[in-house]
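So the chains spell out like this:
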Amino acid sequence: MLYTLLQSPWQCDIDSLLLLMQEGDDLLLMQDGVTAALEGSQMFFKLQASPAALWVLEEDVVARGLVEQISTKVARLDYTGFVAMTVKHQQQVAW
């Protein structure tokens, strides 16, 4: 399953999202959701403990001026990679 987090993780029920994710799932942080991957943040530690693979959409990181603040432990994905990920996962949940 592909999960996409589009809003700030401080403005949604991130704990419920974490309960849904399983091994083999992918979580893509997009739009304001990229702030969940800020290095050293409490939210990042929560996401890092998830069984899902964690990704950020590079264009949204750049647009928000967060290139240097996003953890290097998070894989970055461009729009082409995003399309490939949607092909990989037949089901998607936007959060």
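Please read these numbers as outputs of a predicted model, since none were measured by experiment.

Cut-offs applied
- Residues numbered from 1 in each chain as written.
- Predicted model: local features only at pLDDT ≥ 70, side-chain atom pairs only at ≥ 80, totals over all residues.
- Heavy atoms only, no water.
- Buried < 20%, exposed > 50% of the residue type's maximum accessible area, 1.4 Å probe, protein only.
- Helix = DSSP H or I, 4+ residues; strand = E, 2+ residues; numbered from the N terminus.
- Pairing = 2+ DSSP bridges.
- Right-handed = clockwise from strand over helix to strand, strands pointing away.
- Polar contact = N/O pair within 3.5 Å; in protein donor to acceptor, adjacent residues only side chain to side chain.
- Contact = heavy atoms within 4.5 Å.

K.L.:
Give me the pairing of strand β2 (residues 26–29): which residues, what numbers.
P.N.:
Neither face of β2 is open: one carries D26 and L28, the other L27 and L29, and all of them are buried. As paired strands, strand β1 (residues 2–5) and β2 are joined by four bridges and run parallel to one another. Residue pairing in the sheet places L5 in a bridge with L29 of β2. A crossover connection joins β1 to the parallel β2 through helix α1 (residues 14–20); in handedness this β-α-β unit is right-handed. As paired elements, β2 and strand β3 (residues 53–57) share four bridges and run parallel to each other. For L29, the partnering residue across the bridge sits in β3 and is V56. For the crossover that starts at β2, traverses helix α2 (residues 42–48) and ends in the parallel β3, the hand is right-handed.

K.L.:
Help me get a handle on the side chain of T35, residues and values and all.
P.N.:
Within the element layout of this structure, T35 appears in the loop between β2 and α2. A polar side-chain atom of T35 sits 2.8 Å from the main-chain carbonyl oxygen of D32. Residue contacts for T35: discarding those within four places in its chain leaves S8, P9, W10 and L66.

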